[in-house]
Amino acid sequence: MNFILKQVYKILDSSINSNSIAIDATCGNGNDTIYLSEKVKKVFAFDIQKNAIETTLDRFKVKYSDLKIETKSDKESSFLNVTLINDGHENILNYITETVDFVIFNLGYLPNGDKKISTKFETTEKAIESSFKLLKSGGKIIIVVYWGHEDGQIESRYLKNYLESFPMNSADIMIHSLINKPNNPPYIYEIVKR
Ligand SMILES: C[S@@+](CC[C@H](N)C(=O)[O-])C[C@H]1O[C@@H](n2cnc3c(N)ncnc32)[C@H](O)[C@@H]1O
């Protein structure tokens, strides 16, 4: 695991517990969803790509052979402490009404997937705003920014402007970045709600 991902999991481990409710805003192949499901009370995971949701579901089926899946709609299925939602994270408020402790975004495109299906600032911003409304005081939003590709560079620039002007009385926002590595390595925003 690379250094930045290790940092992500360190932050994650220090932010959640067995009573936490978490959102994985970019489910992808399900790495964070699976990790969270083992540690928290409840996890909601979003992805616009059906194949990402299916891959994640298949990984759970391998892990738990007798998985009982409840299909709530063509977009939403639940099992164990997990709800998988095949919809954009900008629609979070259509699915979740309860207070949450932790939200994670891994921006960019699915590794080995279609690079054109990448997160975009407009929808990422809406998702941050919506999840911030659900976040309890002291809760965290973690955003891992991949800016090695063109779309990622645009998103990263807009995101920086947006977060730098985030109301200072409502959150404290830190950046964790590798300053001695080439080729635009990913970096992390840690948003802590006041
Ligand atoms: C870098 S990947 C996530 C990797 C994932 N965390 C994992 O463990 O494999 C980014 C994901 O964001 C998804 N995505 C892009 N736009 C989205 C949106 N508006 N809402 C939800 N997911 C989105 C992509 O389909 C892609 O699967």
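Residues numbered from 1 in each chain as written. Predicted model: local features only at pLDDT ≥ 70, side-chain atom pairs only at ≥ 80, totals over all residues. Heavy atoms only, no water.

Q: Please clarify how the environment of Asn51 should be interpreted in this entry.
A: Locating Asn51 in the fold gives a position in helix α3 (residues 50-63). Classification of Asn51 by relative accessible area gives partly exposed; the value is 41%. Sequence separation of Asn51 and Lys63 is twelve residues, and the distance between their C-alpha atoms is 18 Å. (Helix = DSSP H or I, 4+ residues; strand = E, 2+ residues; numbered from the N terminus. Buried < 20%, exposed > 50% of the residue type's maximum accessible area, 1.4 Å probe, protein only.)

Q: Looking at this structure, I do not really get the pairing of strand β2 (residues 42-46). What am I missing?
A: Looking down a regular strand, the side chains alternate between one sheet face and the other. Most of β2 sits inside the fold, with four of its five residues counted as buried. Of the pairings in the sheet, the one linking strand β1 (residues 21-24) to β2 comprises four bridges and is parallel in character. Counted as the bridge partner of Ile23 is Phe44 from β2. Of the crossover connections in this fold, the one passing from β1 over helix α2 (residues 31-37) to the parallel β2 is right-handed. Here four bridges tie β2 to strand β5 (residues 82-85), and the two strands are oriented parallel to one another. Residue pairing across strands places Val43 opposite Val82, the latter belonging to β5. (Pairing = 2+ DSSP bridges. Right-handed = clockwise from strand over helix to strand, strands pointing away.)

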